Each structure stands twice: as C-alpha cells, then as structure tokens.
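# Breakdown of the fold
In case you want the letters, here they are:
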Amino acid sequence: MITSAIIPRPLAKLPWRLIFIVSGIALFGLIVLYSAAGGSVRPWAMKQAVVFLGFLSIAVAMSWMKESTIKAIAFPLYGITLVMLVGVEGLGFVSKGARRWLDLGPIRLQPSEFMKPAIVLTLARFYELVPAAEIRKWRAIWPALALLGVPAVLILVQPDLGTCIMVLLCGVTVMFLAGLPWWVFAAPAAAVGVAAPIVYSMMHGYQKKRIDVFLDPEGDPLGAGYHIAQSKIAIGSGGIWGKGFLHGSQSHLQYLPEGHTDFVFATMAEEWGLVGGVILICAFAAVIRWGMRVSQSARTRFGQLAAAGLSATIFFYVSINLLMVMGLAPVVGVPLPLVSFGGSAVMTVMLCLGLLMALERQQRTVSRLI
Amino acid sequence: MKHVRITTAHQSITFSRRMMLLGGAQAAVGGLLVGRMGWLAIAQNQKYQLLSESNRVQLIPVPPRRGWIIDRNGKPIAINKASFRVDLIPQQIVDGPKVIAELQQLMNLPPDEVERITRELAASRGFQPVSVGDNVPYEQYAAITVRLPDLPGVAASRGFTRFYPGGSTVGQLVGYVGAASAAEYEKENKNPLLLIPGVKIGKEGLEKALESTLRGEPGGQRVEVTARGKLVKELDPKPDRSGGTVQLTIDADLHQYAARRIGDQSCSVVVIDVTNGDILAMPSMPSFDPNNFSDGISQNEWKMLSDDDHLPLVDKALESLYPSGSTIKPSMALALLNAGVDRKQIVNCTGAFQLGNHTFHCDKRHGPVDMDAAVVHSCDVYFYSMCLRVGAEKLSPMVRSMGFGEKFDLPFDNQRYGTIPDPEWMMRKYHRKWQGYDTVNMSIGQGMVLINPLQLAVMASRLATGKRVIPRLLKSTPVAPQTQLAVDQDHLDFIRKAMWGVVDHGTAAAAKLPLDGIQMAGKTGTAQTHNLSASERGDYTSAVWKLRDHSLFMGFVPFDNPRYACATIVEHGGFGAAVAAPLVRDTITFLYDRQKALAALQAFEESIGGTLEERLARKTASWRSANGVPPLTSTTA
C-alpha cells in the first residue's frame with residue numbers, strides 16, 4: 001500500500017495492480033513488434049506505444065465515471081453504434097475486400113469494435129430492467145435476441161466473421177449470466193449444428209476456404225493452409241526457451257504471414273518459447289480474473305452483468321486469437337489485444353478496462369493498491 | 001415444468017453458479033492453450049525445428065562432375081571439358097523471338113540451331129532450361145554476359161561438357177547424355193538437380209545404364225533466404241562428390257581402329273579376349289557422334305540419322321539379329337561328331353540337294369567331301385544330309401552351348417538375343433511339327449536361326465578354348481569362371497584344324513594374317529536375306545544393296561594357342577570371304593602389329609574416299625543439298 005501522504009489520493013485510488021499487468025503485456029507486445037520489424041521501432045512499435053498510452057489515459061479517465069452514468073449511456077451508445085454500422089454499409093470505406101471502416105475526416109472508425117462493449121452494456125441494462133420473476137418468460141428473451149441479432153447480421157455482411165462471432169459470444173455470455181433458461185442456449189446450439197452446412201454454403205469464398213483449411217490444414221500447406229502451418233512451425237520451433245530475442249527466423253524471413261498483427265503470438269513464441277507464451281497467457285488470465293472479481297463483488301445487477309460481460313470480451317479476444325494461432329480454431333482474423341499491431345483491438349480492450357475500473361471504483365471507498 | 005416464482009435471491013444464486021461455470025470454462029480454455037503450446041513446443045519441437053530450418057536454409061545445388069568412362073588402359077572414352085554455356089530460362093523470358101534473334105546475332109547461330117531452340121522453347125514446361133550453346137567460345141560468352149540485363153531469360157554460366165574423344169566410333173557403345181526431359185524429372189521425384197542448366201543425364205547406352213555410378217552427389221551452396229526468395233546471407237557450402245570412374249574392358253585404340261576399318265559398311269565388329277571374356281572392341285558403324293547429341297541436335301541432323309538405311313541409331317552388335325549362315329558349321333560339325341558321325345565319311349556334293357519336292361542348293365559343285373573339306377570349303381550339301389541323318393534334337397543343344405541364343409548380362413537396355421530353333425520351340429511358337437526342311441535350313445544357319453554379332457564372337461571364343469567363355473564389358477565385373485564345354489578334346493582339335501584350313505586354303509584364304517608365326521582359324525558365312533533366284537546366286541555386288549547377302553566371319557588367333565576371338569557381320573556385304581574376312585584380318589593385325597594395320601587402314605580409306613570425318617562431312621553435305629537444306633556454314637560447337 002502506497003501511503004496516501006506521498007501520492008495524491010486520486011492516483012492512489014487507481015487499481016495499480018491491473019495497470020501494471022496491462023502495461024506489462026503492452027510493453028512485451030512492443031518488444032515483440034520491435035523484433036518483428038527486424039530490430040526497429042519503426043514502423044510498428046513506436047506507433048503502437050503512442051496508441052497504447054493514449055487509450056490507457058482514456059481508460060484511466062473513464063474510471064471516474066459513475067455507474068449511473070454508464071447505465072445512462074448504455075442504450076444511446078448502442079443506438080449510435082448501430083446507426084454507424086448501418087452507415088458503414090452505405091458509406092463505408094472498403095479495405096482488404098471488406099467494408100468495415102467509417103471515414104470521419106481525420107479518424108477512421110471501425111464501428112463494429114464499439115459494438116463489443118456496447119452490446120454487453122445494453123444487455124446488462126436490459127436484464128437489470130427485467131424483473132426477477134419475468135426472467136424465464138419469452139418477453140425477457142426476444143428483445144435480447146433482437147438487440148444481439150441485428151448488429152451481428154450487420155457485421156457478418158461486412159463481412160467480418162471474427163468480430164461477428166465475438167459480438168455474439170459476448171452477448172450470449174451476458175444472457176447466460178442473467179439466468180435465462182438452459183434451453184435458450186441448448187436449442188440454438190443444436191440449431192447451429194444443423195444449420196452449419198447451410199451457412200457454410202452461403203459464406204464468402206475466403207471464409208469458406210478458411211474453414212476448409214481449419215478442418216484439413218495439411219491439405220493445402222502452400223495455399224490457404226499456409227498461415228496455420230507457418231504459425232505452428234514458428235511456435236513449435238521455439239521450444240521451451242525460444243530462439244532468442246531478434247533470432248526468430250520464421251518472422252524475420254517473412255515465412256510467417258501477419259507476424260505483427262493476427263499472428264504476433266507466433267512471432268513472440270518463436271523468440272521467447274513456451275516460457276514467454278505461458279507468462280503471456282498467465283498475464284491475460286490475471287487481467288480476466290481481475291474483471292471477474294469485479295463482477296462477483298458488484299453490488300448491483302447491472303454491475304455484475306456488465307463487469308462479467310466486459311471481462312468475457314477480453315477473454316474471447318485472447319482465446320479466439322490463441323486458438324487460431326495454435327491451429328485449434330479456423331483463421332477468423334481476431335487480433336491479440338495489446339500485443340498485435342493496430343489500434344482497434346487496443347481501443348476495445350481499453351474501453352472495456354476503463355468501464356471495469358469505473359465499476360470497480362464504485363465498490364470501494366479506500367484505495368486498493370495491492 | 002413446475003412454475004416457481006423466481007425471486008432476486010434465486011437470481012443471485014443462479015448468477016453465482018453460472019459465474020462459477022463461466023470461470024471454469026475460461027480456466028479450461030486457458031489450460032487447453034497452455035497444453036497445446038506445450039505439445040507444439042516440447043513434444044513436436046524437433047519436427048517443427050526441422051521445418052523451420054528447411055524454410056530458412058535453401059540449397060542451391062552445385063552439379064557434380066560426371067564420372068569418366070575409360071578404357072582398359074586408362075585411355076579416356078568419355079570425359080568432361082570445361083566450357084562456357086548459354087541457356088534460356090523459359091519462365092523468365094519476356095519476348096522470346098526478340099531474345100532468340102539477338103542471340104542468333106551475338107553467337108552467330110546457324111538456322112538449324114535457331115529452329116531447334118525455338119522448337120524446344122515451345123515444348124518446354126517453364127522450369128526446364130533450353131540450351132542455346134554448350135560449348136560457347138569465350139568471346140561470345142563475354143559478349144552475352146555484358147548484355148545480360150537487356151536479355152531477360154538468358155543465363156550464361158561456366159560448366160562442363162561431355163566430351164568423347166572417339167567421336168562417332170564410340171557412339172553406339174557409350175550412348176549419349178542430354179538435359180533431363182519433363183518425364184525424367186517427374187520420374188526422379190522432381191530432383192532439383194535435373195533443372196540446373198547444363199546438367200546432363202545418360203540417355204542411351206552405357207551413359208544411361210551406368211547413370212547411378214557416373215552421376216555423383218550434388219553439392220550445394222547453402223543460403224538463408226526470405227519467403228520471397230531474397231538472399232539474406234550465405235552459409236557454409238556442402239561439397240559435391242564427383243561421379244565414379246567406370247573402366248571398360250574395351251581397348252579404345254582397337255575399338256577405334258575397327259570402327260574406321262569398317263568403312264562405309266553397315267557393320268559391327270566384336271573382339272574378345274578368350275582368356276577372360278573381356279570385350280576389347282565392339283564398334284557398330286555407321287553411328288552418331290555423341291558430342292553433337294549432348295548439346296541437343298537439330299531436326300535436320302536427327303532426320304539425316306533416322307533416314308539413313310545403314311541405321312546409325314541402332315547398336316548392331318547387340319540389337320540387330322542376322323541369320324548366322326555358314327558360321328554355324330563348325331558347331332554343327334561338333335554336334336555331328338558328338339552324335340557319332342564318322343569324320344571320314346564322304347558325301348557327294350552335286351551342287352543341289354533334293355528333299356521331298358524342294359531342291360536345296362550349294363554354292364558350287366564340291367564333289368565328294370568329308371567333314372574337313374565340308375568345313376574348309378563350306379559345302380552345304382554335306383551338312384544338309386548329315387544333319388538330317390542325326391536330327392535336330394541333337395544339333396540345337398550343341399549350337400546353344402556355343403553361345404548362340406544365349407543372354408549375356410551386359411549394361412545395355414535393348415539387347416536382343418535371337419533364336420536357335422528346335423522341334424519343341426517350333427511347336428510352342430508356331431504350333432507346327434518340325435519338318436526335315438527345318439533341319440536342312442538350320443544346318444547352314446538359315447531359316448529360323450538368328451544371332452547377334454556378340455554371340456558370334458562368343459562362339460569363336462568357345463570354339464577356340466573349349467570353355468564357356470562369358471563376355472564382360474566392365475572391369476569391375478568379376479571374370480566369370482570358364483567351365484569346360486561338353487565336347488571331346490579330339491573333336492575340338494579336329495574342328496580347330498578345319499577352321500585353320502578355312503583361312504589357310506579354304507574360303508577365307510584372302511584373310512591370312514600378314515604376320516610371321518601367327519595364324520588365324522576362322523569360318524566365313526554368307527547369310528541370305530531373301531530367296532535369290534538361281535541366276536542371282538553368286539552375284540554379290542550388282543543386286544540392290546538392301547537385297548544383298550550379309551557377309552559374316554568369325555575367327556580366333558593364334559589358331560594353336562588361342563588368345564583373341566573376333567567376329568563381324570557386314571550387313572548386305574555380299575560374300576563372307578570378300579568383305580568380312582579381310583576386316584577381321586586387319587583388326588586382328590592391329591593387335592599384333594599396329595604399323596602394318598594402320599598402313600592397311602590408310603590404303604583402305606584412300607580407296608573409299610578419305611577418312612571417316614571427311615566422308616561424313618561429304619555425306620552430310622550431299623544429304624543437305626538433296627533435301628533442300630542449306631549447307632552448314634560454321635559450327636559453334
């Protein structure tokens with residue numbers, strides 16, 4: 001515990017442990033990006049550092065938000081994001097074959113990123129309003145399904161399968177914790193099993209191919225299976241201790257595609273080995289656990305559901321990316337937050353953390369530094 | 001479903017329970033990730049390290065030098081010459097016709113070559129380089145190297161060319177080398193070595209049969225490259241291992257002498273050392289020049305070779321089959337003696353022999369002949385009547401044991417072994433009973449009897465030694481033990497004496513060796529290629545070349561202590577004694593007295609219009625003018 005005599009009270013009240021861990025992850029990410037660029041802060045590490053510090057400040061600033069404020073903005077935030085998603089369809093900026101970005105003069109926004117925390121807050125707010133007695137009724141289910149389904153479909157048609165899956169999973173997690181009956185989850189799961197082949201046939205060529213490759217990665221090692229094959233080679237060849245900082249051949253010789261974005265974990269694992277990987281996974285686990293603790297000790301239903309949903313968002317980010325990089329899930333284009341180069345994921349995760357910090361601040365009266 | 005009123009307390013319990021579930025699921029996923037990573041990084045570490053290394057390090061193969069082929073005395077038959085070469089890499093070519101036109105100007109390419117390059121370029125499969133020139137003079141090489149940036153797709157490099165000092169005289173023996181075809185590349189599991197410009201593999205003959213020994217192990221420059229093929233740094237090279245040298249039993253000088261002495265005939269000569277079966281010479285002429293083949297040959301050159309009725313693309317020593325004619329008679333005589341025929345018994349030759357309603361002829365009226373006279377003067381009627389008396393069953397085994405129809409294990413793909421018929425074979429093959437006329441035909445080596453020149457030389461060796469001489473061509477093959485043949489020494493002495501008589505005062509008297517104290521024993525043969533009318537018989541020169549008889553001779557020297565056996569079959573050469581026997585005489589002379597033999601060769605070559613090279617140049621020129629192809633102006637190779 002840092003004495004409040006030395007450090008001003010507002011600073012001392014920040015959840016320092018979380019900030020240390022998150023900064024540690026980001027710093028490790030910067031080191032990996034430095035190596036991925038062949039030992040240079042350009043073009044990635046420097047930019048990423050600025051982006052991270054910027055969003056960290058925003059998150060810290062957000063921690064002073066009151067729960068009532070968060071509650072109040074939940075529905076408007078959802079509404080605005082939904083409007084932007086529709087706008088993307090009409091005015092969106094096409095990049096890499098997908099219409100995801102909205103060009104607002106100096107900044108380019110990816111509204112689907114906002115949808116992840118927005119759907120969590122909205123559903124948390126919705127279930128707070130539903131009386132306990134009504135929770136097993138149809139009227140507690142269909143609005144949630146609509147709130148979740150509309151943005152999911154809009155994101156899917158961009159097309160952005162990765163974000164769509166994430167939004168669905170975040171929403172379903174909140175619905176699950178809200179106490180909806182089991183059949184609500186069991187029935188769709190069965191339906192997905194039946195519908196999967198039909199959806200598959202309606203998918204875009206590249207999405208189809210990714211699933212084909214996931215099911216049989218060795219079938220096309222030089223074509224579409226190349227990502228997974230090279231990523232597994234990078235991780236596997238790293239061994240326990242790794243090849244050493246700046247000594248990863250897979251990334252430096254450009255065999256590993258997207259080695260600074262989606263497959264940054266493979267770049268890291270090649271140089272830092274199993275040890276680096278386990279440390280990183282543990283660090284993320286600590287962050288998620290912290291969020292889940294916030295949820296457990298929340299005093300309001302909104303606080304409980306929102307905190308759990310936001311933690312789940314971070315969890316899905318990390319786990320989908322790692323499952324994909326290790327060849328356990330199809331390549332769906334989900335980056336590793338705080339480590340992968342790119343602002344969107346950092347933004348989303350820092351928004352989630354900012355909200356979590358705000359919720360956590362409500363739960364205590366004294367600073368909890370350690 | 002029971003309706004329970006759910007309260008806030010219920011809700012709180014549900015939330016806690018589901019949080020536990022969610023936390024458990026998250027922990028499980030975390031465990032799965034760590035486990036998976038451990039599996040990849042520990043259990044499969046070796047596999048992935050190997051894959052990562054094979055990504056990182058690329059091997060630029062350095063072709064090994066092809067092994068030499070040398071003769072029994074270490075004289076080179078096939079060697080490598082340092083050379084400059086120019087190739088076209090089809091994948092990198094932007095404007096093919098323009099590049100070819102520029103190369104034509106820079107390298108002074110004859111139209112034939114341009115046509116070949118264009119054709120090969122059209123047929124190539126992208127990866128396969130097309131050779132422009134194998135043996136480019138330094139000035140041209142330098143001129144092209146300077147212009148390389150303006151000639152995309154052109155590769156100039158230093159390398160080695162296969163060189164055959166013997167030229168066309170060894171063509172049929174060694175075969176030739178060439179760049180691997182698409183099919184050969186596939187067959188070797190896409191061996192990257194075969195794609196390197198200038199890498200030649202054996203295509204025919206010994207070059208092909210001995211490929212595994214001659215090729216060697218490619219080395220390589222190990223380099224670190226990026227996924228896009230950019231070179232990062234060079235690592236320590238892996239040395240190559242040159243191909244092994246193969247020593248033949250051939251005597252290169254003798255082989256070349258025999259080939260030249262063949263002249264313009266379509267013919268093959270085989271010389272065997274009877275003490276161990278070593279094949280000392282086995283030329284087949286005319287032949288192709290393997291030096292021209294290694295660079296890829298033009299269509300005109302190919303057409304000229306394949307149109308030639310003297311079959312330069314066939315190894316006549318092993319692939320061509322001929323009736324043995326009278327050369328079979330010494331073996332027949334041995335079979336007769338074995339069957340109990342009295343060698344003094346007289347048969348009266350009237351020049352014709354009646355069997356049923358068919359008359360078999362002899363080439364002249366020999367009068368009363370015993371066995372000795374029948375061999376020495378090659379009387380057919382004697383063998384007709386004696387062989388009929390004994391029967392085919394007792395003849396064929398003896399002839400076969402002398403080497404006819406026998407398969408020899410030599411490093412060639414396309415050997416043909418011929419036939420020595422017998423009643424059982426006749427039934428199996430033609431489903432008919434053996435007839436008297438079959439015996440009559442076989443008795444003088446006609447009818448179904450087919451042999452190759454090597455078998456004829458083996459027969460001479462076995463008659464000379466009485467042992468089962470087995471030919472060998474590679475010095476590394478152990479000498480086959482020579483078992484005794486099932487013949488009486490007394491019979492053998494008699495036959496050898498008769499064969500001595502053939503050369504001394506018989507049909508081959510013209511083939512007496514011009515050497516003191518060394519005498520040859522032999523037997524002539526004249527094999528009919530079609531049924532001559534009575535008026536044509538004995539007229540060996542005026543008939544159309546294709547219809548003339550084959551001329552054969554086999555013999556051994558010295559007749560009293562045999563050391564060398566020699567046989568030749570001259571296609572459509574006419575009477576055996578006139579063409580084949582002198583050829584063997586000069587070849588054998590070369591073994592004992594080179595001066596005399598070379599003098600004889602010079603006189604012979606003058607009589608037929610110059611050396612092999614001069615005659616070949618003339619022949620090419622006349623073929624080209626007859627076929628409307630412009631004459632060869634200059635050759636770059």
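Residues numbered from 1 in each chain as written. Chains lettered and ligands numbered in written order. Predicted model: local features only at pLDDT ≥ 70, side-chain atom pairs only at ≥ 80, totals over all residues.

Another aspect to go through is the overall build of chain B. In terms of helices and strands, chain B carries 24 helices and 20 strands. Taken over 637 residues, chain B has a buried fraction of 45%. (Helix = DSSP H or I, 4+ residues; strand = E, 2+ residues; numbered from the N terminus. Buried ≥ 20, exposed ≤ 12 C-beta atoms within 10 Å, placed from the backbone.)

Helix and strand content of chain A: 14 helices and three strands. Out of the 370 residues in chain A, the part that is buried amounts to 50%.

The next thing to look at is the interface of chain A and chain B. Across the boundary between the two partners, chain A contributes 38 residues, which contact 36 residues of chain B. Taken together, the elements giving at least two residues each to the side of chain A that touches chain B come down to helix H7 (161-178), helix H10 (226-238), helix H11 (249-252), helix H12 (264-296) and helix H13 (301-325) of chain A. Counting residues per element, the side of chain A that touches chain B draws most heavily on H12(A), at ten residues. For the side of chain A that touches chain B, the residue count by class is 21 nonpolar, 15 polar and two charged. (Contact = placed C-beta atoms within 7 Å. Nonpolar A, V, L, I, M, F, W, Y, C, P; charged D, E, K, R; others polar.)

Before going further, it helps to examine the packing of helix H4 (residues 67-91) of chain A against helix H6 (residues 142-156) of chain A. Residue and element names in this part refer to chain A. It is at 10 Å that the axes of H4 and H6 come closest, and there the two elements cross at 25°. Classified by the angle between their axes, H4 and H6 sit roughly parallel to one another. Taken as a pair, H4 and H6 cross one another with a handedness that is left-handed. Here H4 contributes Leu 82, Leu 85, Val 86 and Glu 89 to the contact with H6, which in turn contributes Val 150, Pro 151, Leu 154 and Ile 155. (Axes fitted to C-alpha atoms, helices over the stretch in contact; angles between N-to-C directions. Parallel < 35°, antiparallel > 145°, perpendicular 65-115°, else oblique. Left-handed = near helix turned anticlockwise from the far one by under 90°.)

Membership of the largest hydrophobic core comes to 122 residues, with the highest contact counts inside it found for B:Val270, B:Val271, B:Ile272, B:Ala457, B:Ala460 and B:Cys566. Among the elements that take part in this core, helix H22 (residues 576-592) of chain B stands out by supplying nine residues, more than any other. Taken domain by domain, the makeup of this core includes at least three residues from each of domain 1 (72-204) and domain 2 (252-288 + 312-592) of chain B. Those residues within four positions of B:Ala457 in sequence are excluded, and the remaining contacts are B:Val270, B:Ile272, B:Met554, B:Ala565, B:Cys566 and B:Ala567. Ranked by size, the runner-up nonpolar core spans 119 residues in total, among them A:Leu154, A:Cys164, A:Met166 and A:Phe302. (Core = buried A, V, L, I, M, F, W, Y, C linked by C-beta atoms within 7 Å. Domains from an automatic or database assignment.)

Examined bridge by bridge, strand S15 (residues 352-355) of chain B and strand S16 (residues 358-361) of chain B share four bridges and lie antiparallel to one another. Bridging from a neighbouring strand, B:Gln354 pairs with B:Thr359 of S16(B). (Pairing = 2+ DSSP bridges.)

What follows concerns unusual backbone geometry. A negative phi holds for most residues other than glycine; trans holds for most peptide bonds. The step from B:Met285 to B:Pro286 runs through a cis peptide bond, and the omega angle for that step is -10°. Of note, B:Pro286 is situated in the loop between strand S13 (284-285) and helix H11 (290-293). Of note in this structure, A:Leu246 is not a glycine but carries a positive phi near 70°. Although it is not a glycine, B:Ser378 sits at a positive phi angle of roughly 55°. As for its placement among the helices and strands, B:Ser378 is situated in the loop between helix H15 (371-376) and helix H16 (380-390). With 28 C-beta atoms counted inside 10 Å, the residue B:Ser378 sits in the buried group.

A separate point is the packing of H4(A) against helix H5 (residues 111-129) of chain A. All names here are of chain A. H5 packs onto H4 with a crossing angle of 140° between their chain directions and a minimal axis gap of 8 Å. Crossing handedness for the pair H4 and H5: left-handed. For the pair H4 and H5, contact is made by Ile 70, Lys 71, Ala 74, Phe 75, Leu 77, Tyr 78, Thr 81, Met 84, Leu 85 and Val 88 and by Pro 111, Ser 112, Phe 114, Met 115, Ala 118, Ile 119, Leu 121, Thr 122 and Arg 125, respectively. Here the residues of the contact of H4 with H5 sort into 14 nonpolar, three polar and two charged.

What follows concerns helix H21 (residues 489-505) of chain B. Residues and elements named next belong to chain B. Taking 1.5 Å of rise per residue, the 17 residues of H21 would be expected to cover 24 Å, and the 24 Å separating its terminal C-alpha atoms lies within 8% of that figure. Taken as a whole, H21 has its buried residues at Ile 495, Ala 498, Met 499, Trp 500, Gly 501, Val 502 and Val 503. Looking at the packing, one finds that the buried side of H21 touches helix H14 (329-338), H15, helix H20 (453-465), strand S18 (521-527) and strand S19 (550-557). (Expected span 1.5 Å × (residues − 1).)

Here the focus is the environment of B:Val62. Residues and elements named next belong to chain B. Relative to the assigned elements, Val 62 resides in strand S1 (residues 57-62). Residue classification places Val 62 among the partly exposed positions, given that 15 C-beta atoms sit within 10 Å. Distance from Val 62 to Ile 196, taken between C-alpha atoms, is 8.5 Å for residues 134 residues apart in sequence. In this structure, Val 62 is in contact with Pro 218, Gly 219, Gly 220, Gln 221 and Asp 240, ignoring residues within four places of it in sequence.

All names here are of chain A. Relative to the elements of secondary structure, Ala 306 occurs in helix H13. For the pair Ala 306 and Leu 355, spaced 49 residues apart in sequence, the C-alpha to C-alpha distance is 8.7 Å. Contact partners of Ala 306, with chain neighbours within four places excluded, come to Val 120, Leu 121, Ala 124, Leu 355 and Leu 359.

Turning our eyes to something else, we now look at the confidence of the model for chain A. Predicted coordinates in regions of low pLDDT should not be interpreted in detail. Residue and element names in this part refer to chain A. When pLDDT is averaged along chain A, the result is 86, and 89% of the positions lie at 70 or above. Within chain A, the lowest mean pLDDT, 61, falls on strand S1 (residues 93-95), and the highest, 95, falls on H12. Across residues 366-370 the pLDDT falls below 50, and counting only partners more than four positions away or on other chains, this stretch makes nine contacts in the model. (pLDDT = per-residue confidence, 0-100.)

Relative to the 21 Å expected for 15 residues at 1.5 Å per residue, helix H24 (residues 612-626) of chain B spans 21 Å between its end C-alpha atoms, a close match to the ideal helical length. Downstream of H24(B) by one or two residues, B:Gly628 has phi in the positive range, about 70°.

Residue and element names in this part refer to chain B. Turning to its location among the elements, Phe 293 is positioned in helix H11. Note on Phe 293: 23 C-beta atoms within 10 Å, which makes it buried. Put simply, Phe 293 and Gly 175 are 118 residues apart on the chain and 9.3 Å apart in space, counted from C-alpha to C-alpha. Ignoring anything within four residues of it in the chain, the contact list for Phe 293 reads Tyr 176, Gly 178 and Phe 288.

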